[in-house]
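Below are the chains, spelled out letter by letter.
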Amino acid sequence: MGEKRMILEMGTGNDLYGQDYTKAACRAVQDALHHSSITLFSTLGLDHKDMRVVVTIGVAEPDKVDLDVVRAELPRGRAEVQAVKGGMNTDSAGQVHVVATAAIEAWLPDQAGKWAITR
């Protein structure tokens, strides 16, 4: 059975003083998660275990993100996490500030034909 992307959320996070890419990435994930309230699972009788969650983190130095730590931020679903070139580093009085972006996609088994809206 195929999948359909049901949810796409974005978030940003930063680490202002520690130059910690993982911390900035985790904050971006939390920001994205706090933008959604997913009621369709209880509404449609779906199990959260059926959800595949794809997280893409954008940071200036992707190799400095601990993907396992970011994965642990996700409360539900089967998580796939990758870090790519993106986000930004900005300098303020000689201090590097790390800014991360996160895109979180929730994929569910195709529900076509399994339910209908009634009045």
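Residues numbered from 1 in each chain as written. Predicted model: local features only at pLDDT ≥ 70, side-chain atom pairs only at ≥ 80, totals over all residues. Heavy atoms only, no water.

## Some points on the overall build of the protein chain
Worth spelling out the cut-off: In DSSP terms, a helix is any run of H or I states spanning at least four residues, a strand is any run of E spanning at least two, and both are numbered starting from the N terminus. Burial classes follow relative accessibility: with a 1.4 Å probe on protein chains only, a residue under 20% of its type's maximum area counts as buried, one over 50% as exposed, and anything between as partly exposed. Throughout, a residue-residue contact means that at least one pair of heavy atoms, one from each residue, lies within 4.5 Å.
The helix and strand tally for the protein chain stands at three helices and five strands. Each helix (α) and strand (β) of the protein chain, taken in turn from the N terminus, gives the series β-α-α-β-α-β-β-β. Looking at the protein chain residue by residue over its 119 residues, the buried ones come to 32%. Within the protein chain, contacts between residues separated by at least 24 positions form 78% of all contacts whose residues are at least 6 apart in sequence.

## Considering the pairing of strand β2 (residues 52-59)
Looking along a regular strand, one sees the side chains alternate between the two faces of the sheet. For the record, the criterion: Two strands form a pair only when DSSP identifies at least two bridges running between them.
For β2, a buried count of seven out of eight residues is recorded, marking the element as mostly surrounded by other parts of the structure. Direction of pairing for β2 relative to strand β3 (residues 78-85): parallel, over a ladder of eight bridges. By the bridge assignment, V54 is partnered in β3 with E80.

## Structural notes on the pattern of salt bridges
What counts here: By definition, a salt bridge exists where a carboxyl oxygen of Asp or Glu is found within 4 Å of a side-chain nitrogen of Lys or Arg.
According to the stated counting rule, one finds six salt bridges in the structure shown. In this structure, R52 and E3 form a salt bridge, with 2.7 Å as the shortest nitrogen-oxygen distance. Linking R52 in strand β2 with E3 in strand β1 (residues 3-15), this pair joins segments that are 49 residues apart in sequence. The salt bridge partner of R78 is E3, with a shortest N-O separation of 4.0 Å. Of this pair, R78 sits in strand β3 while E3 sits in strand β1; the two residues are 75 residues apart in sequence, bridging distant segments of the chain. Connected via shared salt-bridge partners are E3, R52, R78 and E80.

## Comments concerning the environment of T101
Within the secondary structure, T101 sits in strand β5 (residues 95-109). Residue T101 is classed as partly exposed on the basis of its relative accessible area of 33%. Along the sequence, T101 and A28 sit 73 residues apart, while their C-alpha atoms lie 5.7 Å from each other. Excluding residues that lie within four positions of it along the chain, T101 makes contacts with G11, T12, A28, T56, I57, G58 and G87.

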